[in-house]
Amino acid sequence: MSKYHLDYLEQLESESIHIFREVAGQFERPALLFSGGKDSIVLVHLALKAFRPGKFPFPLVHIDTGHNFQEALDFRDNLAAELGEKLIVRNVGDTIKEKNLTEQKGKFASRNALQTYTLLDTIEEFKFDACIGGARRDEEKARAKERIFSVRDEFGQWDPKLQRPELWDTYNGRIHKGENVRVFPISNWTELDIWNYIKRENIALPSIYFAHNREVLEWQGQLVATSEFMQKDPTDVISIKKVRYRTVGDMTCTAAVESDASTIDDIITEIIATKTSERGETRIDDRVSEAAMEDRKKGGYF
Amino acid sequence: MDILRFITAGSVDDGKSTLIGRLLYDSKSIMIDHLEAIEKQSKNKEEGEIDLALLTDGLRAEREQGITIDVAYKYFSTPKRKFIIADAPGHIQYTRNMVTGASNSDLAIILVDARHGVIEQTRRHSIIASLLNIPHVVVAINKMDLVDYSQDVYNNIVIDYSKVAESLGLKDITYIPISALNGDNIVDKSENISWYTGSCLLDILENVKLENDINYTDARFPVQYVIRPQTEELHDYRGYAGRVISGVYKKGDKIVVQPSGLESTISLIEIAGKPTEEAFAPQSVILHLEDDIDISRGDVIVKKDNQPSVENEVDALVCWMGNKPLVPGNKYILQINSRTVRAIVKEIEYKLDVNSLLELPAPEQASLNDIVKVKIKTASPIPFDSYKKLRVNGGAILIDETSNVTVGACMIQ
């Protein structure tokens, strides 16, 4: 074997850094979408590798639905402060008031769809021409079809039939005024790659990724954290269980998994053994229809 | 553990999607919820048959129409390797999609239907694999179950294909008889094909040697971004951020910046803030130079004793991907790595017959999926290598200035 060898995590890392630098080189006003979840935390870590000792050539932007886990929000604020990078937060609740939007009703009403309005308003407010996001192609079948530089029209819409071919490692970020590009530097990473990288790089995460006791409601085999945002009914089965989270989305549509995993090694062992996909196990919002994610993306969702 | 990127090439009925489904299924890379979803959609679910092809069609329109629209990427891994499959659709926009998927693949699996043998399609897949310079080819002779697992059928196809491979100069070729539908020789060796002494497909994919595919001789470093913190403590810091696309750089190397021709010496190499003695492909690094010279995005830092061509006129094979035709005289943007320049396609020299590799007379214009040899003139010189010699510095894209769409894949001669 050659002495010049990169293992798979180093190859993925180098490719992601390359993509970050293409964004910095090609766009005037990019942004990094940062929620305090593990994928966007890895993005921030990769951005440090791409741009330090310089400042990030973009702010961190969080579209806060108002239904987030406090642990993730605290982590978000602390990390931004610690790095000395600019954090912009825009609230879906404000958009709902300003635009008089109608919220979903019912048991697991989610603000997932409304998040798109705030995202598009924020893009317009700051004239962002590129939004870097932590989506991965292994997450979901519509995501598997997405380019790394994904062009969106002035309504933020994704048209899967009009995607630009992506050749070699050459990314075409040219757009018309009003359009923007969603960029996904960790497209080629899987859930397990992310965890192995977090372990290798010793990256800190919000506590909810590790096993802890939480009051949850059992619904169709899924465990949803109780919160002020949740509609509780007399027939609901509520109990305290030891759980951790595989993904961190809204409290209203993200389920926990029962687990004793208290370290990253434990989590990796569990993920290797699991037979259910990350989103399948924990995302109630993907279950709405066969094409739920595809439809959200066509509407401008990241 | 490293990464193998591969593409599967086959026409609609060759069983391409079934093969990918089978690889994922037999290597236990499919999650139960995904399997349940396709079970629900499978037409013959009453007979207990799962349509593995459904795994690869991620879009509503694809499922509705039963066609594949665009390249999708699939992932699986074994303890030996991580695999990235570029799943390019077989029939619509054929050449364009295969070229896209092939552009960063290390290996191509070319599917041959055992009943039909080497056909025009097979030749076309192989020609594209050769034009794109894919280092490794696996010829998977599929549907062996439909020819009674006949060794003669297999042998004849191998003989036929060897002639194609020889005429194209394909080098590392492996043949394997399979049945994707039944799982013969995919992840486990087939008992039905006892006469075959080679490895199963997954074994081949796990063991293809990749380290020789990277060129460590011709050092090329396209500058993507200049890092200048301009803070008090880092007042003089000026780092050139980019990726070593080929070769090796060491501290003290004498370098030239192309196309300006300015010279200097590497004073420091950093990886993620830490100094390092040398940097090699495909690492993303930061280079520092002894002299403060004018360098910006799009410039290529090379070594003084090993330089690329620097020209403003190049010959290229272009796979046309635009819906609007390529008309000689039209202006485009040419992007090679991080460098973009305005370009004009001066003339079409000939059109390549992708079924025979024959040079056809130059058409007045090239249409979607055509491969043509053209002369391109650029507004300023570009540093490049011939694609055949150095894939990473010989591939470029053409962009339509008005629509901003990527319309051409260029392999510079």
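J.: Explain the pattern of salt bridges to me, please; I cannot follow it from the model alone.
T.: Close approach of charged atoms allows side chains with opposite charge to pair. Residues and elements named next belong to chain A. Per the stated rule, a full pass over the model turns up 43 salt bridges over all chains. Here Lys-241 ties to Glu-218 by a salt bridge, and the two come within 3.7 Å at their closest N and O atoms. Separated by 23 residues along the polypeptide, Lys-241 in strand β9 (residues 237-244) and Glu-218 in strand β7 (residues 212-219) bring together distant segments of the chain. On the accessibility criterion, Glu-218 (37% relative accessible area) is partly exposed.

J.: Please clarify how the environment of Val164(B) should be interpreted in this entry.
T.: Inspection of the secondary structure puts Val164(B) in helix α6 (residues 151-168). A relative accessible area of 6% means that Val164(B) is categorised as buried.

J.: Explanation requested: the packing of aromatic side chains in the structure shown.
T.: Aromatic ring pairs: the centre-centre distance and the angle between the two ring planes describe each pair. All names here are of chain A. Summed over all chains, the structure comprises 21 aromatic pairs over all chains. A ring pair is formed by Phe-27 and Phe-149, whose centres lie 5.9 Å apart and whose planes are at 40 degrees; its orientation type is tilted. Separated by 122 residues along the polypeptide, Phe-27 in the loop between α1 (8-26) and β1 (30-33) and Phe-149 in strand β5 (residues 149-152) bring together distant segments of the chain. Judged on exposure class, the residue Phe-27 and its partner Phe-149 are both buried. Here the aromatic rings of Phe-149 and Tyr-171 are separated by 5.2 Å at their centres, their planes lie at 15 degrees, and the arrangement is stacked.

J.: Sorry, what's going on with the sheet that holds strand β4 (residues 107-113) of chain B here?
T.: Two strands in a sheet stick together by hydrogen bonds in their backbones, pointing the same way (parallel) or opposite ways (antiparallel). Read from one edge of the open sheet, six strands run β2-β3-β1-β4-β5-β6 (chain B), paired in mixed fashion. Two strands in the sheet have a free side with no partner beyond their single neighbour: β2 (72-77) and β6 (172-177) of chain B. Between one strand axis and the next, the sheet turns through 25 degrees on average, direction left out of account. Where strand β5 (residues 136-142) of chain B and β6(B) come together, six bridges link them in parallel fashion. Bridging from a neighbouring strand, His136(B) pairs with Asp172(B) of β6(B). Packed onto the sheet, α1(A) meets β1 (2-9) and β3 (81-87) of chain B and runs at close to 75 degrees relative to β1(B).

J.: How should the packing of helix α4 (residues 94-102) of chain B against helix α5 (residues 120-131) of chain B be read in this particular structure?
T.: For any two helices packed against each other, one specifies the crossing angle of their axes together with the interaxial distance. All names here are of chain B. Contact geometry of α4 with α5 gives a least axis separation of 10 Å together with a crossing angle of 40 degrees. Judged on the interaxial angle alone, α5 and α4 are oblique. Crossing geometry of α4 relative to α5 is assigned as right-handed. Together, Tyr-94, Thr-95, Met-98 and Val-99 of α4 and Gln-121, Arg-124, His-125, Ile-128 and Ala-129 of α5 make up the contact between the two elements. By residue class, the composition of the contact of α4 with α5 is five nonpolar, three polar and one charged.

J.: Sorry, what's going on with helix α5 (residues 112-126) of chain A here?
T.: In an α-helix, one turn spans 3.6 residues, which is why side chains three or four residues apart end up on the same side. All names here are of chain A. In this model, α5 (15 residues) spans 22 Å end to end at C-alpha, consistent with the 21 Å of a helix rising 1.5 Å per residue. Of all the residues in α5, the buried ones are Asn-112, Leu-114, Thr-116, Thr-118, Leu-119, Thr-122, Ile-123 and Phe-126. Once α5 ends, the next one or two residues include Lys-127, with phi positive near 55 degrees.

J.: Help me understand the interface of chain A and chain B, please; the structure alone is not making it clear to me.
T.: As a measure of interface size, the accessible area lost when the parts come together is often cited. Chain A puts 63 residues into the contact, and the matching count from chain B is 74 residues. Of the roughly 5900 Å² buried at the junction of chain A and chain B (both faces included), carbon and sulfur atoms supply 56%. When the buried surface of chain A facing chain B is broken down by residue, Tyr4(A), Lys145(A) and Trp168(A) rank first, second and third, together holding 16% of it. Put simply, chain A and chain B have five salt bridges between them. Residues Lys82(B) and Asp193(A) are paired through a salt bridge, measuring 2.3 Å at the closest nitrogen-oxygen approach. On inspection of chain A and its partner chain B, the count reaches 28 residue pairs in polar contact (both at pLDDT 80 or more). Secondary-structure elements contributing two or more residues to the side of chain A that touches chain B are α1, α2 (38-51) and α9 (292-298) of chain A. When residues in the side of chain A that touches chain B are grouped by element, the largest group, twelve residues, is from α1(A).

J.: It is not clear to me how helix α7 (residues 264-273) of chain A should be interpreted in this structure. Could you clarify?
T.: All names here are of chain A. Ile-264, Ile-267, Ile-268 and Ile-271 are the residues of α7 that are buried. Looking straight down α7, one finds that the buried residues subtend no more than 100 degrees of arc, so they occupy a single side. Facing away from the buried surface of α7 by more than 90 degrees, the exposed residues are Thr-269 and Ala-273. Buried residues along α7 sit in contact with α6 (191-201) and β9.

J.: Mind showing me how you'd approach the sheet that holds strand β10 (residues 255-258) of chain A here?
T.: All names here are of chain A. In spatial order, the strands read β7-β8-β10-β9; together these four strands close into a barrel with antiparallel pairing. For this sheet the average axis-to-axis angle between neighbouring strands, irrespective of direction, equals 60 degrees. Pairing analysis gives four bridges linking β7 to strand β8 (residues 222-225), with the strands arranged antiparallel. Bridge assignment links Trp-219 to a residue of β8, and that residue is Gln-222.

Each value, and the rule that gives it
- Residues numbered from 1 in each chain as written.
- Chains lettered and ligands numbered in written order.
- Predicted model: local features only at pLDDT ≥ 70, side-chain atom pairs only at ≥ 80, totals over all residues.
- Heavy atoms only, no water.
- Salt bridge = Lys/Arg side-chain N within 4 Å of Asp/Glu carboxyl O.
- Helix = DSSP H or I, 4+ residues; strand = E, 2+ residues; numbered from the N terminus.
- Buried < 20%, exposed > 50% of the residue type's maximum accessible area, 1.4 Å probe, protein only.
- Phe/Tyr/Trp six-rings, centres within 6.5 Å; stacked < 30°, edge-to-face > 60°.
- Pairing = 2+ DSSP bridges.
- Axes fitted to C-alpha atoms, helices over the stretch in contact; angles between N-to-C directions.
- Contact = heavy atoms within 4.5 Å.
- Parallel < 35°, antiparallel > 145°, perpendicular 65-115°, else oblique.
- Left-handed = near helix turned anticlockwise from the far one by under 90°.
- Nonpolar A, V, L, I, M, F, W, Y, C, P; charged D, E, K, R; others polar.
- Expected span 1.5 Å × (residues − 1).
- Buried area = accessible area lost by both parts, 1.4 Å probe.
- Polar contact = N/O pair within 3.5 Å; in protein donor to acceptor, adjacent residues only side chain to side chain.
- Arc of directions from axis to C-beta.

Geometric values such as these leave the question of function open.
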